[in-house]
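What follows is each chain in one-letter form.
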Amino acid sequence: MSYRKTLKLICGFAGGSAALVLAAAAADSRRSLGGEATGRDSPRFAVLKAAQPAWTPASHTPAPTGLSWDSNWDKRDPSALFNGKKKESVTEDPASEQDNGKPKATRNILLIRHSQYNLSGTSDRERILTPLGREQAELTGHRLAALGLKYDVLIHSSMARATETAHIISKHLPGVELVSCDLLREGAPIEPVPPVTHWKPDAVYHEDGARIEAAFRRYIHRADPKQKEDSYEIIVCHANVIRYFVCRALQFPPEGWLRMGLNNGSITWLTIRPSGRVALRTLGDAGFMPPDKLTRT
């Protein structure tokens, strides 16, 4: 058998065993010289068929979970709000009232993980950024400025490492208001699945979880109907908080938050449309940093 024919066989049966394909081709070549049957009746095809997994539409089609998208996930769906509102006057135009209550702007939320910090610190005050961490924050600030977006606010966790990261970033974004928030402090949002034995939170899940869920409800939602223009908001906080936010916003199982990893100083970008639809534009983007500046501590 020619080299070209053998190559076509290998390429045409991608996903099977290359060794079996080559063995079948060699065996067919020997049989052809001896005058034995070739073509579809050849044992070669039996070998190739055995090398391929059984295929049926059912076995290769992902099964739907049966869970539908909750359009009122943030409890701000105009139709839900309108249906539950009592009419104050019989002269009101229901269609006009509902239209006026619809959000018209898109919210863009850029979640920044704090930079590398001193892990040996015994208290939050001592867990400040390392020299590399300060470099990372400078790179993140430069990247945010280079995007050329009109940022509305820069909110940050009140923990030392997030506060320091935010202040370095803010130097690249003059005029953007800085706001500190205790709800965004690091913690254990919910017990992860699958469970881990090497990671034990300092606080119990129900304490941190309630606080982080409160932060999610405060910051992750569709725009207010009074907002006319699209907004861009920066939130500097922590890996656990960001991963939980992403799971909740995309309506993924929140207990899967620990299955994702985020580099220090990375950018995670959520977009929330007026309809309530959510898109994850980037997750842990740190491609703007040189390889020797990347860390995940």
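For the structure, check the block above.
Residues numbered from 1 in each chain as written. Predicted model: local features only at pLDDT ≥ 70, side-chain atom pairs only at ≥ 80, totals over all residues. Heavy atoms only, no water.

(A) Summary view of the overall build of the chain. The helix and strand tally for the chain stands at nine helices and six strands. Counting across all 297 residues of the chain, residues that qualify as buried make up 38%. Taking contacts inside the chain between residues at least 6 apart in sequence as the whole, the part at least 24 apart equals 71%. For the chain, the accessible surface area stands at approximately 17000 Å², while carbon and sulfur atoms represent 55% of it. (Helix = DSSP H or I, 4+ residues; strand = E, 2+ residues; numbered from the N terminus. Buried < 20%, exposed > 50% of the residue type's maximum accessible area, 1.4 Å probe, protein only. Contact = heavy atoms within 4.5 Å. Areas by Shrake-Rupley, 256 points an atom, 1.4 Å probe, with all protein chains shown as cover.)

(B) Spatial organisation of helix H8 (residues 205-219). The terminal C-alpha atoms of H8, which comprises 15 residues, lie 21 Å apart, in line with the 21 Å expected from a rise of 1.5 Å per residue. Turning to H8, its buried residues number three or more, namely Asp208, Gly209, Arg211, Ile212, Glu213, Ala215, Phe216 and Tyr219. (Expected span 1.5 Å × (residues − 1).)

(C) How the structure looks around the packing of H8 against helix H9 (residues 239-249). Where H8 meets H9, the axes come as close as 10 Å, and the angle between the chain directions of the two elements is 60°. Considering the angle they form, H8 stands oblique to H9. Along this stretch, H8 crosses H9, giving a crossing that reads as right-handed. Only Val241, Tyr244, Phe245, Arg248 and Ala249 of H9 make contact with H8, whose side of the interface consists of Ile212, Glu213, Ala215 and Phe216. Along the lines of polarity and charge, the residues of the contact of H8 with H9 split into seven nonpolar, no polar and two charged. (Axes fitted to C-alpha atoms, helices over the stretch in contact; angles between N-to-C directions. Parallel < 35°, antiparallel > 145°, perpendicular 65-115°, else oblique. Left-handed = near helix turned anticlockwise from the far one by under 90°. Nonpolar A, V, L, I, M, F, W, Y, C, P; charged D, E, K, R; others polar.)

(D) Structural view of the pattern of salt bridges. Summed over the entire model, instances satisfying the criterion amount to eight salt bridges. For the salt bridge of Asp74 with Arg222, the shortest nitrogen-to-oxygen distance reads 2.8 Å. Residue Asp74 is found in the loop between helix H3 (43-51) and helix H4 (78-83), and its partner Arg222 is found in the loop between H8 and strand S4 (231-237); the two are separated by 148 residues along the sequence. Given the relative accessible area of 1%, Arg222 is considered buried. (Salt bridge = Lys/Arg side-chain N within 4 Å of Asp/Glu carboxyl O.)

(E) Structural view of the environment of Leu280. Mapped onto the fold, Leu280 is located in strand S6 (residues 278-285). C-alpha of Leu280 to C-alpha of Trp269: the two residues are 11 residues apart in sequence and 6.0 Å apart in space. Residues contacting Leu280, with those up to four places away along its chain left out, are Val246, Leu250, Thr268, Trp269 and Leu270.

(F) Structural view of the sheet that holds S6. Strands sit in the order S3-S2-S4-S1-S5-S6 across an open sheet of six strands; the sheet is mixed. The two strands at the open ends of the sheet, each matched to only one other strand, are strand S3 (177-181) and S6. Strand after strand, the sheet turns through a mean of 20° between neighbouring axes, direction not considered. Across the sheet, helix H7 (residues 160-170) lies against strand S1 (107-113), strand S2 (153-157), S3 and S4, angled at about 160° from S2, the strand it touches most. (Pairing = 2+ DSSP bridges.)

(G) Representation of the side chain of Ser170. By the secondary structure assignment, Ser170 is in helix H7. Setting aside residues no more than four positions away along its own chain, Ser170 makes contact with Leu154 and Leu178.

(H) Broad picture of the nonpolar core. Leu184, Ile220, Ile235 and Phe245 are the most contacted members of the largest nonpolar core, which totals 29 residues. Elements with a contribution of two residues or more to this core: S1, S2, H8, S4, H9 and strand S5 (267-272). At eight residues, H9 tops the list of elements feeding residues into this core. In this structure Phe245 touches Leu111, Leu184, Ile212, Ala215, Phe216 and Ile220, once residues within four positions along its chain are discounted. Among the nonpolar cores identified, the runner-up in size contains 15 residues, and Leu144, Tyr151, Leu173 and Ile234 belong to it. (Core = buried A, V, L, I, M, F, W, Y, C linked by side-chain atoms within 4.5 Å.)

(I) Structural context of the packing of helix H6 (residues 131-146) against H7. Remark: H6 packs on H7, axes separated minimally by 8 Å, with the N-to-C direction vectors making an angle of 45°. Relative to H7, the element H6 is oriented oblique. The hand of the H6/H7 crossing is right-handed. Only Glu164, Thr165, Ile168 and Ile169 of H7 make contact with H6, whose side of the interface consists of Arg134, Ala137, Glu138, Thr140, Gly141 and Leu144. The class makeup of the residues in the contact of H6 with H7 is four nonpolar, three polar and three charged.

(J) Summary view of the side chain of Asn108. One can find Asn108 in strand S1. Apart from the residues within four sequence positions on either side, Asn108 is in contact with Ser231, Tyr232, Glu233, Trp269, Leu270, Thr271 and Arg281.

(K) Molecular detail of unusual backbone geometry. Backbone torsion omega between Val193 and Pro194 reads 0°, so that peptide bond is classified as cis. Residue placement: Pro194 occurs in the loop between S3 and H8. With a phi close to 60°, Gln251 is a non-glycine residue in the positive phi region. Assignment of secondary structure puts Gln251 in the loop between H9 and S5.

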